[in-house]
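Topology and contacts: notes
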Amino acid sequence: MKLTVWTYEGPPHVGAMRVATAMKGLHYVLHAPQGDTYADLLFTMIERRNHRPPVTYTTFQARDLGSDTATLFKDAARDAVARFKPQAIIVGASCTAELIQDDPGGLAEALGLDIPVIPLDLPSYQRKENFGADETFYQIVKTLAKDQPKTPRISCNLLGATALGFRHRDDVEELTGLLADLGINVNVCAPLGATPADIARLPAAHFNVLMYPETGEQAARWLEKTYGQPFTKVVPIGVGATRDFIAEIGEITKKDLLIDESRLRLPWWTRSVDSTYLTGKRVFIFGDGTHVAAHARIARDEMGFEVVGIGCYNREMARPVRALAKEFGLEALITDDYLAVEEAIETLAPEMILGTQMERHIGKRLGIPCAVISAPVHVQDFPARYSPQMGFEGANVIFDTLIHPLVMGLEEHLLTMFREDFEFHDAAGASHHGGHAPKPVATEAVEDSAPVEVVEATGTDVMVWLADAEKELKKIPFFVRGKARRNTETYAASKGLQQISKDTLYEAKAHYAR
């Protein structure tokens, strides 16, 4: 554990809270100090849920550490059951409370409550949020699932969707509709929207759809081992993956499955001449392992991008992401240090980033467009509208997500190129006003040889950009301008130059082209 300004994942108890908040009829009794109650805001402010998480905190204070904090926990658990009347409770400790070793599981069991009590042992200083969600869901399923006959019609369970998940709500709706079109019922969706009674019905399904390995794989594997339920391995994000997902379900159910693809917008566009503008664009992809793997395939096989960097922050997915990177001829970046990610992006100088809200901030600083494709995300990526990532409608949403930053980037570049045009320069006013546009204000001319910017180079040297070079640099697209500047300065330094002119800029371009 370390102090940081940003973090990709919270501690494990936040993962447990995501599961509890997703479910109904379940309550979480969390042994925690007052400061750990901040987690409520993640759901009410960022996800914009209309109710608080079903969590009771013991909220012990510093003065309580000299007395019996175990009694505080027992009182909180007893009061929570009496007040909220849940069907089951989960109990655990936050990272701070773990240090005082009160054993919430043992304390709750000693209360003799008449509902299931599920203790959580989440190692706060070794593991993180996604592990906490996965382990919590697994313990709930292991405790509550009961053997029962299969449903008369072929059915499946949707596993892994939680509160505070990236588009989880809409992915559930999209997959439910897709499966209905294939003639398959959804028996239970869990944890999102499920009650403890629903968890008991999980074994009635014929197979499981593992939507998010980060938060549902342990439960899926246990159900396969205990009740013989196979689970899907393909995550249906993207056109190709959705088709493979349907084929996989056909193999599991022994049925020939056909689906209407008329809603898809991406395939015809990638065959059009318009798509050639984006072919070969260099992209860097970082996020959780599941979304990174899906978007790497989309970027290369469906959009024609060149993937120049791949990485993930959740170490549980390190092995598959490293294997994927090897297929792309790359070395995966496995880190939860956003500064290491920023350094990698700055070094690779991609034309686009696919990442989390942190990479969005990095992109803003470096002048590189970014599309958010993975948690952690902020409020703008919890849209009120329907906006899935999975299935065919999810493919349409991703199509927009990837295209818009680059197309708007082209528009910005064109406006920059024509900034001094008689119609488009800054003083000309809006072009649609015609003759009513304000007249340009005369400005004092600047000599092309005048220095406009001073850049510190290596040692005590000073690098000066002349006005003609600076003017020419602005004609380079903004998403590669930073790399062009750095290359030119490196070239000038190697030649012992202290001033960069227009000629130096083109000499550097020719040098690196070779």
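To keep things clear, this report deals only with the structure shown in the data block. (Residues numbered from 1 in each chain as written. Predicted model: local features only at pLDDT ≥ 70, side-chain atom pairs only at ≥ 80, totals over all residues. Heavy atoms only, no water.)

It is at 12 Å that the axes of helix α6 (residues 168-181) and helix α9 (residues 239-253) come closest, and there the two elements cross at 50°. Relative to α9, α6 is oriented oblique. For the element pair α6 and α9, the recorded crossing hand is right-handed. Mapping the contact onto sequence places Leu-175, Leu-178 and Leu-179 in α6 and Thr-242, Phe-245, Ile-246 and Ile-249 in α9. (Axes fitted to C-alpha atoms, helices over the stretch in contact; angles between N-to-C directions. Helix = DSSP H or I, 4+ residues; strand = E, 2+ residues; numbered from the N terminus. Parallel < 35°, antiparallel > 145°, perpendicular 65-115°, else oblique. Left-handed = near helix turned anticlockwise from the far one by under 90°. Contact = heavy atoms within 4.5 Å.)

Counted as a void, the second largest pocket has a volume near 550 Å³. Contributing to the lining of the second largest pocket are 25 residues, with Lys-233, Val-235, Thr-290, Ala-293 and Ala-294 lying nearest its centre. No other element matches the seven residues that helix α11 (residues 289-302) contributes to the lining of the second largest pocket. Classifying every residue of the lining of the second largest pocket by side-chain character gives 16 nonpolar, two polar and seven charged. (1 Å grid on protein atoms, 1.4 Å probe; cavity = no way out; pocket = protein on both sides within 12 Å on 5 of 7 lines; lining within 4 Å. Points joined across faces, edges and corners; volume = space filled by probe spheres on them. Nonpolar A, V, L, I, M, F, W, Y, C, P; charged D, E, K, R; others polar.)

Another point: helix α14 (residues 357-366). Within the span of α14, buried status applies to Gln-357, Met-358, Glu-359, Arg-360, Ile-362 and Gly-363. Buried-residue contacts for α14 involve β8 (282-287), α13 (338-348), β11 (352-355) and β12 (370-372). Among the residues of α14, the N-terminal cap falls to Thr-356, whose side-chain oxygen and the backbone nitrogen of Met-358 are separated by 3.1 Å. (Buried < 20%, exposed > 50% of the residue type's maximum accessible area, 1.4 Å probe, protein only. Polar contact = N/O pair within 3.5 Å; in protein donor to acceptor, adjacent residues only side chain to side chain.)

Hydrogen bonds between backbone atoms are what pair the strands of a sheet, whose relative direction is either parallel or antiparallel. If you trace the three strands from one edge of the open sheet to the other, you get β6-β5-β7, paired in parallel fashion. Every interior strand has two partners, whereas the edge strands, β6 (185-191) and β7 (207-210), have only one. Here the average twist between neighbouring strands, direction ignored, is 25°. Bridging between strand β5 (residues 155-161) and β6 involves six bridges; their strand directions are parallel. Of the residues in β6, the one forming a bridge with Cys-156 is Val-186. (Pairing = 2+ DSSP bridges.)

This paragraph deals with the packing of α11 against helix α12 (residues 318-327). At a closest axis distance of 10 Å, the pairing of α11 and α12 adopts a crossing angle of 15°. Taken together, the axis directions place α11 and α12 in an arrangement best described as roughly parallel. Crossing angle aside, the handedness with which α11 passes α12 is left-handed. Contacts between α11 and α12 involve Gly-289, Val-292, Ala-293, Ala-296 and Arg-300 on the former and, on the latter, Val-321, Leu-324 and Glu-327. Residue composition of the contact of α11 with α12, by class: five nonpolar, one polar and two charged.

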